[in-house]
Amino acid sequence: MATIRIGLDRLPPAARAAVEEHTGPLFAVEEGAEGFNSEIAARVTSATGTWHIKGLRTDHPRAWTQCREAAVAPFLTGLAPALRWRVEAAGWDLLGFEVLGGHHADYAPGSPDLSEVASLLRRLGETSCPGIELRHAEQRLEHYAAHPDDLRFFAGTHLLHTDLNNANVLVDDHAADGDRARLVDWAWATRGAAWLDAGYWVIWLIAAGHAPASAERWAAEIPSWHTAPAEGITAFAAANANVWSEISAADPDPWTLRLAAAATAWHAHRRTG
């Protein structure tokens, strides 16, 4: 379920004052429409700079996502926007990120963004997993795997993003080729097998119009994909078909139904292809 969004102007005065200790007085606030996890999501401008602010009340059921993003942010140089400050005041937890230029990645067949996302995932695959508290991929998928033995395929020691929604990928057309894409929203950062993010990307690519075989060819641009046993990929497709079936049944929005159809199509391809 999406978290209900509120405006920055509804923050308690003490929380806003704590933010302005880092930003200075705010000149402009542009409320964000993207994302599902934050109560506060806004681009703010002051005399000292521009930031993207994400926030949740400290008693929110997903308050842990703020802690997760703050913990992983220092290890994401060249992969994600930098976290500049964190404020905990008046019952709110607020993160201030640098603002990146660019557009949300286009995953459609033939898009020039696809090669940039592949490059981003290759860089992520070369990043050491920090020694911070993270959930494990096999834990997250334990209720969805077709067979308990399948969970062994998902275990590993690599840092994963796990939410390859194209809205979480920003592409800057003015940056150097091969270094244009960045991943935002690391709330679901996970430790697991190196190839899993390529697998998560496959589902979003199918949802964007790729045939399953085409989506897997893009996944094959990621070196770690070639470390995955075929039966492990099939097990992952089966688990995610179950994940998205559950999500779409609980929240049958057009986008969840589209992802459920994509995950089901991939699983069918793995079983018959």
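Overview of the structure. Along each chain, the written sequence defines residue order, and numbers are assigned to residues from 1. Per-residue local features of the predicted model are confined to residues with pLDDT of at least 70, and side-chain atom pairs are confined, for both listing and counting, to 80 or more; whole-chain, interface and lining totals are unaffected and use all residues. Only hydrogens and water are set aside; all other atoms, that is, all heavy atoms of the structure, feed into the side-chain values.

## Brief notes about the sheet that holds strand 3 (residues 49–57)
In a beta sheet, neighbouring strands are held together by backbone hydrogen bonds and run either parallel or antiparallel to one another. Strand pairing is assigned whenever DSSP detects at least two bridges linking the two strands. What counts as a helix is a DSSP run of H or I of at least four residues, what counts as a strand is a run of E of at least two, and both are numbered from the N terminus. Across the sheet, which stays open at both edges, the 5 strands sit in the order 1-2-3-5-4 with antiparallel pairing between neighbours. Strand pairing shows two members of the sheet lacking a second neighbour, strand 1 (26–31) and strand 4 (83–89), which therefore form its edges. Sheet twist, expressed as the average angle between the axes of neighbouring strands with direction ignored, equals 25°. With 7 bridges connecting them, strand 3 and strand 5 (residues 92–98) associate as antiparallel partners. Throughout, an axis means a line fitted to C-alpha atoms (over the contacting stretch in the case of helices), and angles, computed between N-to-C directions, take values from 0 to 180 degrees.

## Focus on the packing of aromatic side chains
Stacked, edge-to-face and tilted are the three classes for Phe, Tyr and Trp ring pairs, Trp counted by its six-membered ring, which pair at centre distances within 6.5 Å; planes under 30 degrees apart are stacked, over 60 edge-to-face, the rest tilted. Applying the stated criterion across every chain, the model contains 11 aromatic pairs. Plain terms: the ring middles of Phe154 and Phe236 are 5.8 Å apart, the flat faces sit at 65° to each other, and that makes the pair edge-to-face. Within this pair, whereas Phe154 is found in the loop between helix 4 (137–140) and strand 8 (158–160), its partner Phe236 is found in helix 7 (residues 230–250), the two being separated by 82 residues in sequence. According to the relative accessible area criterion, Phe154 is buried, its value standing at 0%. A simple rule labels every residue: compare its accessible area, found with a 1.4 Å probe on the protein chains alone, to the largest value its type can have, and call it buried under 20%, exposed over 50%, or partly exposed in between. The exposure class of Phe236 is buried, given its relative accessible area of 0%. Both rings, one in Trp195 and one in Phe236, keep their centres 5.5 Å apart while their planes meet at 75°; by these two values the pair is edge-to-face. With a gap of 41 residues between them, Trp195 in the loop between strand 11 (190–192) and helix 5 (196–207) and Phe236 in helix 7 connect regions that are remote in the sequence. Relative accessible area serves as the criterion here: at 3%, Trp195 is assigned to the buried category. Three or more aromatic residues joined by ring pairs form one cluster here, namely Phe154, Trp195, Tyr200, Trp225, Phe236 and Trp266.

## Side note on the sheet that holds strand 8
Read from one edge of the open sheet, 3 strands run 7-11-8, paired in mixed fashion. Since the sheet does not close on itself, it has two edges, and those belong to strand 7 (135–136) and strand 8, each with one partner. Where strand 7 lies against strand 11, 2 bridges are found, and the strand directions are parallel. In the sheet register, Arg135 faces strand 11, and the bridge partner there is Thr190.

## Section: unusual backbone geometry
Phi is positive for Ala90, close to 50°, though the residue is something other than glycine. By the secondary structure assignment, Ala90 is in the loop between strand 4 and strand 5. Given a relative accessible area of 43%, Ala90 falls into the partly exposed group. One non-glycine residue, Thr162, lies in the positive phi region at around 80°. Locating Thr162 in the fold gives a position in the loop between strand 8 and strand 9 (169–171).

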